[in-house]
Amino acid sequence: MHLPVAGSSEQINQALRGRVLPDQSIAMTAAHAEPADAVLARLSSAPEGLSQDEAERRLAQYGPNSTPGAARTPVILRFLRHFHNALIYVLIAAAAVTWWLGHPLDTAVIIFVVLANAVIGFIQEGRAEAAMKAIQALLSPHAAVFRNGERITIDAEDLVPGDVVFIEAGDRVPADIRLIDVSNLQVQEAILTGESLPVDKSLEPVESEAPLGDRSSMAFGGTIVTAGQASGVVVETGANTQIGRISGLLSQVDKLETPLLVQINAFAKWLTLLILVFGAALLAFGVFIRKADFTETFMSVVGLSVAAIPEGLPAVLTITMAIGVRAMADKNAIIRRLPAIETLGAVSVICTDKTGTLTRNEMVAASVFAADTIFEVSGEGYAPEGTVSPAPREDDQTRATLKDLARAAALCNDAALVETNGVWSVSGDPMEGALLALSRKILGDVDIVGESPRRAVLPFDARHRFMATLNETGDGARIYAKGAPEAITTLCTDMAGPGGERLPINAEDIARQTEAIAAKGQRVLALALAEADTGETLTPDTLSGRLTFLGLVGLVDPPRAEAIQSVADCRAAGIQVKMITGDHAGTASAIAAQIGLPRPAHVLTGEDLDRMDDAALTTAALNTYVFARTSPEDKLRLVNALQSQNMIVAMTGDGVNDAPALKRADVGVAMGRTGSEAAKEAAPVILADDNFASIAAAVTEGRRVYDNIQKLVHWTLPTGGGEASVVILALLFGLTLPITPIQILWVNLITEMTLGLALALEPLERGTMEEPPRRRDAPLLDSSLLWDIAVATVLFAATVFAVFTYTLNETGALDLARTVAFNTLVVLQVAYLFFVRFRHGASTTLEGLRGTRAVWAGLAVVIAGQLTVTFWPPAQEVFATTSLPPVYAGIVLGAGVVVYVLLEIEKQMRLALRPRA
């Protein structure tokens, strides 16, 4: 059963905040806040599990432990509904017209575009089902469960609330369970919380309002056990688990159409209506008012339709976006759905994860407190290269303390550093890898482990929160310990002083230093040592009161240098950047300050968001830059809140918890390296390198693509309006058509598929990234485009009629006059191409006149085509053309130059009058 999606706004908001329980749940949502025995009692269960009969009864009552799939639409209907689009209807009408005119090749091209669009849409629509399957695959296929007091293995689908299951390292948790017995259990919960490090688990209840990442008494379905073992009672199965709730949210989230597609669909509907109404009116006017021949008038209306319908526009739009896809792939951004590329160019806010996207996803020792001194540590990643500063002198006793701390860091450690082709990585816990790198930065390339073999170990346990090892030395043995500062401090009686002396332990000073390091967004570990006998047994009791405190180490997942620059670039382009992370508020705030986000007065947490209604959440979403400890519902609500303010939202994510927000966002961006399959299937964009800098590069490329799409629309519609105006004026005033319908069709075919394609390859225009992002409700037909249409219509109509009338009066040859007008129209479109290439500045510069390879290649095709239809006898018969004498060829070229100059003068006047920012 899914969370509700219909009903009042408040019901939906409650569902999104996780406050509405599915009816089939028999467990309390606050199981994490109750003692384990109380949860067992509520579920009528016991540590030895359920009886087989009771389990079967509950399975029949509550259903299998699996996430439900979305209702499937028949394949044929899924395919056919991609033809239900006004622009597709216009294209089909254009195909019918071209077929009726006797041009089957043109008809085939248009039908190919229609079919290609339908097939692409059909394939893309299947992605949602793939995302659902990816989530379903996260639930473990098998589970170790106690039935009738015996441990058996069953299919995970057969688990029921009240079952007691056993989990150990390497297992995927099969359902949401309340832990009842724990032994050194650590669980990787990144798919739910976004926090990269494993979480320590314990039996103690936590606050009922604790965020998901802080519910240490629970293990959630789909997460992975990385260390230890435990048993627990199943409290939620199937759709009621955290994974199941995300699956439900994903199935309920509607995929938004991109702003451009919404605008083009609306435009196509109005264009269709306009063509039908205007064509019928002109036909009636010609036949009944002008008393013209019906067939001749009808052919003129067909010519108008051919001129007005931009039949090549969808194809060139698709090609434009496809070219952008290739360019983005070179920048590590893989586009899975073509329309996403133009939306990237309109993004006004990027909601980004922290770990691995803004940061390196590598733990590094950044600071050390030892011998009453703060040291800064340099170096990147796990490479054992860097320095500790200020560097102590050789005779300084502080150096001896630092060396002892480095030995503790290396010996009380289960990880290993691995070098592959000059790249260092860690095998084991990331924090322990950072400690190994720190040790070698202090001690150099010394085989510490070989010199001091381990003889005993006390593993880390959430109950005592530290680890200890017993290692041989040349003259005896030593105990080394590391763990939470407050835990290590309680075991120490003294601490190493700046002169090498042993001072009484100062817990208050250690606590102050711990807070100061943590305020920098660093995780803090304490290290200590004690002299020992080789045969000692390590227990928490035997260590109490005998350790010497060595110091503190601050570990951080540092921000990427390129991410810092990219955040600055985005903000300079008017794009807001918001960090939404599952990490703790202090860490998130510190990283936000380092990468250049406005430092907030306070960070909003998921708990804060739960208490907000829609209005308050919208205000918070607009004015806050850092959100911590967030849930899937929080991310989804934030996306909705930002979209409600007409903002175009890009959302990054890698976990299953991110999938609903990725699907809902205007542009979902999944991580290619660390992302879950569910996240990748839900997102139209995947980053190959998980780097925020790649998002910024993709946004820049998206702006180039959208800018070129705008140029294409600004070129197609005014030139189409110019063509149509020639036909309209001829019909209204009973004039001879300067250009025949078949000539208009040729102009559309030869120019839209060549010159239009040249615009798709335009480089990023200077000044594009200085423009603010466009709003979601920004109209496709803005005042600038409407003015361009009006200017082009007047200039095109006046010029074509002028050269047509002049030639006809001079020669009396209709075919020659139409040939001059026909070629003039093509030259005007070429001139308009050079004019529209620069939207933010002058076109009459050397750069503008020089053009690009694509422009000159398109121009070469157009010239070759026009020469063919003008001078080749077989083509002359088809297109009713005749060879142009040199003087009339000069008139054609001169008309293009005059119109280009007039257009540029008009543009410069407009730019001069535009308000300056």
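Residues numbered from 1 in each chain as written. Predicted model: local features only at pLDDT ≥ 70, side-chain atom pairs only at ≥ 80, totals over all residues. Heavy atoms only, no water.

Draft legend 1. Region of interest: the nonpolar core. By size, the foremost hydrophobic cluster in this structure holds 53 residues, and its most contacted members are Trp715, Val800, Tyr832 and Leu903. Per-element accounting of this core gives the leading share, 13 residues, to helix H31 (residues 814–836). Excluding its chain neighbours within four sequence positions, the residues that come into contact with Val800 are Val726, Pro738, Ile739, Ala821, Leu825 and Leu828. The next biggest cluster of nonpolar side chains, apart from the first, holds 47 residues, and it includes Ala340, Val556, Ala698 and Ile709. (Core = buried A, V, L, I, M, F, W, Y, C linked by side-chain atoms within 4.5 Å. Buried < 20%, exposed > 50% of the residue type's maximum accessible area, 1.4 Å probe, protein only. Helix = DSSP H or I, 4+ residues; strand = E, 2+ residues; numbered from the N terminus. Contact = heavy atoms within 4.5 Å.)

Draft legend 2. The arrangement of the pairing of strand S21 (residues 547–556) in detail. Judged by how many residues are buried, S21 sits mostly within the fold: 10 of 10 residues are covered. Strand direction decides the pairing type here: strand S10 (residues 364–370) and S21, joined by 6 bridges, are antiparallel. Across the sheet, the residue bridging to Phe369 is Leu552, located in S21. Both strand S18 (residues 492–496) and S21 contribute to a ladder of 3 bridges, which runs parallel. The residue bridging Cys492 from the neighbouring strand is Leu547, located in S21. For strand S20 (residues 523–532) and S21, the ladder comprises 7 bridges, and the chain directions are antiparallel. Bridged to Ala528 within S21 is Phe549. (Pairing = 2+ DSSP bridges.)

Draft legend 3. Focus on the packing of helix H23 (residues 614–623) against helix H24 (residues 632–643). As a packed pair, H23 and H24 sit with axes 9 Å apart at the nearest point and diverge in direction by 85°. What the angle tells us is that H23 and H24 run roughly perpendicular. In this structure, H23 uses Asp614, Leu617, Thr618, Ala621 and Leu622 to contact H24, whose residues at the interface are Arg637, Leu638, Ala641 and Leu642. Here the contact of H23 with H24 is built from residues that sort into 6 nonpolar, 1 polar and 2 charged. (Axes fitted to C-alpha atoms, helices over the stretch in contact; angles between N-to-C directions. Parallel < 35°, antiparallel > 145°, perpendicular 65-115°, else oblique. Nonpolar A, V, L, I, M, F, W, Y, C, P; charged D, E, K, R; others polar.)

Draft legend 4. Quick look at the side chain of Thr618. Within the fold, Thr618 resides in helix H23. Residue Thr618 is classed as buried on the basis of its relative accessible area of 17%.

Draft legend 5. Molecular detail of the environment of Gln242. Secondary-structure assignment places Gln242 in helix H9 (residues 242–252). Here the alpha-carbon distance between Gln242 and Pro632, two residues 390 residues apart in the chain, equals 9.4 Å.

Draft legend 6. The arrangement of the sheet that holds strand S9 (residues 349–352) in detail. The sheet built from 8 strands is open, its strands ordered S8-S27-S26-S25-S9-S22-S24-S23 with mixed pairing. Each edge of the open sheet carries a strand with a single partner, namely strand S8 (333–335) and strand S23 (604–605). Here S9 pairs with strand S22 (residues 576–580) via 4 bridges, running parallel. Residue Val349 lies in a different strand from S22, and its bridge partner there is Gln576. Each of S22, S23 and strand S24 (626–628) touches H23; the most contacted strand, S22, lies at about 115° to it. Most of the contacts of helix H27 (residues 692–732) go to S9, to which it runs at about 160°, and overall it touches S8, S9, S22, strand S25 (649–653), strand S26 (667–671) and strand S27 (685–687).

Draft legend 7. Main features of the packing of aromatic side chains. Counting across every chain of the model gives 4 aromatic pairs. Relative to Phe879, the ring of Trp746 lies with its centre 5.4 Å away and its plane at 65°, an arrangement referred to as edge-to-face. Within this pair, whereas Trp746 is found in helix H28 (residues 741–752), its partner Phe879 is found in helix H34 (residues 873–879), the two being separated by 133 residues in sequence. Accessibility classification places Trp746 together with Phe879 in one group, the buried group. Between Phe796 and Tyr832, the aromatic rings sit 6.2 Å apart at their centres with planes inclined by 85°, giving edge-to-face as the arrangement. A residue pair is termed long-range when its members are at least 10 positions apart, and Phe796 in helix H30 (residues 783–811) and Tyr832 in helix H31 qualify at 36 residues. According to the relative accessible area criterion, Phe796 is buried, its value standing at 0%. Tyr832 gets classed as buried once you look at its relative accessible area, which sits at 0%. (Phe/Tyr/Trp six-rings, centres within 6.5 Å; stacked < 30°, edge-to-face > 60°.)

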